[in-house]
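So you can see what is in the structure, the chains are spelled out below.
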2 protein chains.
Amino acid sequence: MNFDLESIAREIQNFEGVTRKNPIGPLLEGFNTGMTNSIDIEATFGEDAAVLSHGDDLLLIAADGIWERLMNADPEWAGYCAVLVNIHDIAAMGGKPLGMVDVFSFRSKTSCTLVIKGMNDAIARFGVPIIGGHVHPDAPFNMLDIAILGVAKKGCAILSSTAKADDVIIMACDLEGRVHPSSNLNWDSTTMRDGEILKKQIEAMRVLGEAHLVHAGKDISNPGVLGTIGMMIEVSRKGATVDIGAIPKPAEIEMTHWLKMYPGMGFVVTADEDHASEVIEVFNNHHLTAATIGRVREGSIFSITDGDRSVKLFDFSEDRITGIKG
Amino acid sequence: MNFDLESIAREIQNFEGVTRKNPIGPLLEGFNTGMTNSIDIEATFGEDAAVLSHGDDLLLIAADGIWERLMNADPEWAGYCAVLVNIHDIAAMGGKPLGMVDVFSFRSKTSCTLVIKGMNDAIARFGVPIIGGHVHPDAPFNMLDIAILGVAKKGCAILSSTAKADDVIIMACDLEGRVHPSSNLNWDSTTMRDGEILKKQIEAMRVLGEAHLVHAGKDISNPGVLGTIGMMIEVSRKGATVDIGAIPKPAEIEMTHWLKMYPGMGFVVTADEDHASEVIEVFNNHHLTAATIGRVREGSIFSITDGDRSVKLFDFSEDRITGIKG
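Per an unreviewed UniProt entry, chain A goes by Methanogenesis marker protein 2 and derives from Candidatus Syntropharchaeum caldarium.

See the structure below:
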């Protein structure tokens, strides 16, 4: 298939979902991350969730907030998404989400009611409860931050920073859905789905982690599939090539648009080539479409290809997405 | 000693630190809290931290944000306090804080640097690291929310909702400190303290929990000591009497002012009268001044007394602080 690779590269390089990750690395440099409190930290910044080793378990904790723009555009959908992205943060690491706490700041009673309505919908679908939190009833803005606690089996967490050269890159997502009416950049595959199917989709990464079938993985979030792969490759100190034509895509969405979307349920993983078909089978068994779409490379260059030509998307020796290197 | 009890009652009833807790109960009524995800929830809303039973452990998770006013008045102190209040949330439950994640929204680079400076200071003093988080670099406001993960021994968590009638109420705090220059309502006892002493102070509640010496407890937060006792008594479905003259207080601070202050390190607990001296001794051994200041009662009336007269502060059959009942 023919793609205007230069145009796609330019669009992704300048895509706000990607560029708004740029301040993270420099910000973290200011942090005192040396304190370890005699705890055993297995994963920290640059991962979807932080991982602590504790007895026979791994404890996972993540926090995520909702882009203020979405909060104002559609508070109900923002509340739904705040829960969804937190569940994804734990699921992406091969963890089981246990419960969430929220910090909720609001100035408008109407927004507040709608946000809770959206949260309740997601809580009911995914079966992960809000178990505590904090409220600012007198804020000059509407804001919802959620943190989530999860667990994983020791040795079975899936990190972003551990992609290996020559791994294949596999993308999995749910292609049945719709562009959400409140956000052109949200592919909503979950609100029309039965809870049992959603829970099964969320378990896919845990099954892969416990079977040791993948080397690295991440949930596809606001930066879109290429931005997410970029963050994974950058923190793994590797390069990659992705074949645009191989990317699973809903038929009705144009490719450049799709590449900027947050899919309601999407993951990228890297794996040994010998395991590729098994990985794809696990995803398929969990109601997700999956395909091999590229390969991890030595070096720092992340390119996109149409099979014939290649165009550089990022060179992490010069460019950064987050700037975090594992 | 002579106190104007009516005036104190009015001041506390109308104190914003107390009244801003009012929307919490009605807000929670909207929440779908029935989902349990087959997890064993031991404590939820109305507690300083949520508690999940997991294997041989209790897992604690809490989230807390900083009043936007403080964030604007002094970003460095706000960053410090955001860490401090989260550590208190775990400590108050008899837990050991492990690590924190943050959601950081900022519009000003200067504020951002100052907030991180304050966070780093608290992280270094208390030895509890930030291990992950999320950043909104393009927010129209400055906001910092933190969530914290902790652990406790099974059966040793200290809840707010379990005060028993006839328990004595004991207050513990660090009286050495200063009114913080950026907030008249913050008693800063920690920034001039050595980290080893702070860690010891933070452990007091864990020692009490593991020795089963108290029935209920809470850290003294923005509502001040009476507001905090009020929340504990309300969620325990009890009443109480507190003797104003018995409240430990820095000599240089006027009582009504002190009653509205957030002490850098303060706890209230309820205990069997026979254990009172032992509880006070534990606090003293952890560098905290402690005294018996009142008693839990059957019923719904929370009164203050000067030894001679009593004045009603709240009647929880009509009034509410949070409205949460355990």
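Draft legend 1. Quick peek at the packing of helix α5 (residues 75-92) of chain B against helix α6 (residues 109-126) of chain B. Residues and elements named next belong to chain B. Where α5 meets α6, the axes come as close as 6 Å, and the angle between the chain directions of the two elements is 40°. In terms of axis orientation, α5 runs oblique to α6. Considering the relative orientation of α5 and α6, their crossing is right-handed. In contact with Pro-75, Glu-76, Gly-79, Tyr-80, Val-83, Leu-84 and Ile-87 of α5, α6 contributes Ser-111, Leu-114, Val-115, Lys-117, Gly-118, Met-119, Asp-121, Ala-122, Ile-123, Arg-125 and Phe-126. Of the residues assigned to the contact of α5 with α6, the class counts are 11 nonpolar, three polar and four charged.

Draft legend 2. Here's a closer look at the interface of chain B and chain A. If you look at the interface, chain B gives 65 residues, while chain A gives 65 residues. For the chain B and chain A pair, buried surface summed over both sides reaches about 5,600 Å², with 69% attributable to carbon and sulfur atoms. The interface formed by chain B and chain A includes zero salt bridges. Where chain B touches chain A, the interface holds six residue pairs in polar contact (both at pLDDT 80 or more). Among the elements that make up the side of chain B that touches chain A, the one with the highest residue count is strand β4 (residues 96-105) of chain B (eight residues). For the side of chain B that touches chain A, the residue count by class is 41 nonpolar, 14 polar and 10 charged.

Draft legend 3. Region of the structure containing empty space enclosed by the protein. Summed over the entire model, instances satisfying the criterion amount to two cavities of 30 Å³ or more. Size it by volume and the largest cavity reaches roughly 60 Å³. Forming the walls of the largest cavity are 14 residues, and the residues nearest its centre are Ala-63, Asp-145, Ile-146 and Ala-147 of chain A together with Ala-147 of chain B. Among the elements of the structure, β4 (96-105) and β6 (143-153) of chain A together with β4 and β6 (143-153) of chain B are those that each provide at least two residues to the lining of the largest cavity.

Draft legend 4. Summary view of the domain arrangement of chain A. All names here are of chain A. For chain A, the assigned domains read domain 1 (5-22 + 158-315) and domain 2 (39-153). Once you take the C-alpha centre of each, domain 1 and domain 2 turn out to be 22 Å apart. With 32 residues of domain 1 at the contact, the number on the domain 2 side is 28 residues. Surface buried jointly by domain 1 and domain 2 totals about 2,500 Å² across both partners, of which 55% is contributed by carbon and sulfur atoms. Applying the counting criterion to the domain 1 and domain 2 interface returns two salt bridges. Our count for the contact surface shared by domain 1 and domain 2 stands at 12 residue pairs in polar contact (both at pLDDT 80 or more). Those elements that place two or more of their residues in the side of domain 1 that touches domain 2 are α2 (16-19), β9 (183-188), α7 (195-210), β10 (216-219) and β12 (262-263). Among the elements that take part in the side of domain 1 that touches domain 2, α7 stands out by supplying seven residues, more than any other. Grouping the constituent residues of the side of domain 1 that touches domain 2 by class yields 10 nonpolar, 13 polar and nine charged.

Draft legend 5. Structural context of the sheet that holds strand β13 (residues 266-271) of chain A. Residue and element names in this part refer to chain A. Strand order in the open sheet made by the seven strands is β10-β13-β7-β14-β11-β15-β16, with mixed pairing throughout. Lying at the two open borders of the sheet, with one neighbouring strand each, are β10 and β16 (310-315). Recorded for the sheet is a direction-independent mean angle of 25° between the axes of neighbouring strands. With four bridges joining them, strand β11 (residues 239-243) and strand β14 (residues 289-297) adopt antiparallel strand pairing. Bridge pairing in β14 places Ala-240 opposite Val-296.

Draft legend 6. Structural context of the sheet that holds β4 of chain A. Residues and elements named next belong to chain A. Taken in spatial order, the six strands line up as β1-β2-β3-β6-β4-β5 in an open sheet, and their pairing is mixed. Of all strands in the sheet, those with a lone pairing partner are β1 (40-43) and β5 (130-136), marking the two edges. Averaged over neighbouring strand pairs, the angle between their axes works out to 20° when direction is ignored. In terms of strand pairing, β1 meets strand β2 (residues 50-54) through three bridges, oriented antiparallel. Residue pairing in the sheet places Asp-40 in a bridge with Ser-53 of β2. Strand contacts of helix α6 (residues 109-126): β4, β5 and β6, with the helix running at about 180° to β4, the strand carrying the most contacts.

What counts and how
Numbering of residues starts from 1 in each chain and follows the order in which that chain's sequence is written. Throughout, the order in which chains and ligands are written sets their labels, letters from A for the former and numbers from 1 for the latter. Reporting in this predicted model follows two pLDDT cut-offs: at least 70 for local features of residues, and 80 or more for side-chain atom pairs to be given and counted; totals over whole chains, interfaces and linings ignore these cut-offs and use all residues. Remark: hydrogens and water are excluded; side-chain values derive from all non-hydrogen atoms of the structure. In this description, a line fitted to the C-alpha atoms serves as the axis of each element, helices being fitted only across the stretch in contact, and the angle between N-to-C directions of two axes falls anywhere from 0 to 180 degrees. Under the scheme used here, helices are H or I runs from DSSP no shorter than 4 residues and strands are E runs no shorter than 2 residues, and both carry numbers assigned from the N terminus. Oblique is the label for any angle not under 35 degrees, not over 145, and not in the 65 to 115 range, which are roughly parallel, roughly antiparallel and roughly perpendicular in turn. For any pair of crossing helices, the crossing counts as left-handed if the nearer helix is rotated counterclockwise from the farther one by less than a right angle, and right-handed if it is rotated clockwise. The contact definition used throughout considers only heavy atoms, calling two residues in contact when any of these lie within 4.5 Å. The classification used treats Ala, Val, Leu, Ile, Met, Phe, Trp, Tyr, Cys and Pro as nonpolar, Asp, Glu, Lys and Arg as charged, and all other residues, Gly among them, as polar. Once two parts are brought into contact, the accessible area they lose, counted with a 1.4 Å probe and summed over both, makes up the buried area. Criterion for a salt bridge: a side-chain nitrogen of Lys or Arg within 4 Å of a carboxyl oxygen of Asp or Glu. The term polar contact refers here to a pair of N or O atoms within 3.5 Å; inside protein, the definition further demands a hydrogen-donor-capable atom paired with an acceptor-capable atom, and it admits residues adjacent in sequence only when both atoms are side-chain atoms. In this analysis the probe radius is 1.4 Å and the grid spacing 1 Å, with only protein atoms considered; a cavity is a set of points the probe fits into but cannot get out of, a pocket is an open set with protein on both sides within 12 Å along at least five of seven lines, and lining residues have an atom within 4 Å of a point. Grid points are joined across faces, edges and corners, and a volume is the space filled by probe spheres set on the points. What counts as a domain boundary in this text is fixed by an automatic or database domain assignment. At least two DSSP bridges between two strands are required for those strands to pair.

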